[in-house]
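Structural description and commentary
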Amino acid sequence: MGMPGGQELLIILAIVVLLFGAKKIPELAKGLGKGIKNFKAEMKNDDDEKETASADMPKKVESEKETAAKETPKTTEQA
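Rules used throughout
- Residues numbered from 1 in each chain as written.
- Predicted model: local features only at pLDDT ≥ 70, side-chain atom pairs only at ≥ 80, totals over all residues.
- Heavy atoms only, no water.
- Helix = DSSP H or I, 4+ residues; strand = E, 2+ residues; numbered from the N terminus.
- Buried < 20%, exposed > 50% of the residue type's maximum accessible area, 1.4 Å probe, protein only.
- pLDDT = per-residue confidence, 0-100.
- Salt bridge = Lys/Arg side-chain N within 4 Å of Asp/Glu carboxyl O.
- Patch = residues over 30% accessible without salt bridge, like charges linked within 9 Å, V, L, I, M, F, W, Y side chains within 5 Å.
- Areas by Shrake-Rupley, 256 points an atom, 1.4 Å probe, with all protein chains shown as cover.
- Lys, Arg positive; Asp, Glu negative; His and termini not counted.
- Charge placed at Lys NZ, Arg CZ, Asp CG, Glu CD.
- Expected span 1.5 Å × (residues − 1).

Within the protein chain, the secondary structure is distributed over 3 helices and 0 strands. Reading the helices (α) and strands (β) of the protein chain from amino to carboxyl end gives α-α-α. Burial statistics for the protein chain: of 79 residues in total, 0% are counted as buried.

Dropping the structure here:
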């Protein structure tokens, strides 16, 4: 199935107008536009935060001694 043609779009638009009313459609479009705008802004902020966080923090490499000191000793005793 391809994209709907001109007649199909007019029928869909007429059904939307009947369901929501002519006054409600601009409000819905405005709300949808604000939602998309906020989403894009948050995605950009999230990407910026990841870039600054990874650039600011140096990577720490643990030595074998530090790793061994953090591990708890394992016992082989049976109950």
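What follows picks up the thread again.
Scored by pLDDT, the protein chain has a mean of 78; 65% of the residues are at 70 or more. Helix α3 (residues 64-70) is the least confidently modelled element of the protein chain, averaging 60 in pLDDT, while helix α1 (residues 6-20) averages 90, the highest of any element.

With that settled, consider the pattern of salt bridges. Applying the stated criterion across every chain yields a total of 1 salt bridge. Here K24 makes a salt bridge to E27, at a shortest N to O gap of 3.6 Å. Within this pair, K24 and its partner E27 are both found in helix α2 (residues 24-56), separated by 3 residues, close to a single helical turn. Take K24: its relative accessible area is 40%, and that puts it in the partly exposed class.

Moving on, we get to a nonpolar patch on the surface. Taken together, I11, I15, L19, F20 and L28 make up a surface patch of nonpolar side chains, about 510 Å² in accessible area. Broken down by element, the residue count for the nonpolar patch peaks at 4 residues, all from α1. The class of L28 is partly exposed, set by a relative accessible area of 40%.

Here the focus is a negative patch on the surface. A cluster of like negative charges, contributed by E42, D47, D48, E49 and E51, occupies part of the molecular surface. Of note, E49 is situated in helix α2. A residue is classified by how much of its surface remains accessible, and E49, at 53% relative accessible area, is exposed.

A few words now on α1. Within an α-helix, residues lying three or four positions from one another point in the same direction, as the helix has 3.6 residues per turn. An ideal rise of 1.5 Å per residue puts 21 Å on 15 residues; α1 measures up with 21 Å between its terminal C-alpha atoms. Once α1 finishes, G21 follows within two positions and takes phi at roughly 90 degrees, a positive value.

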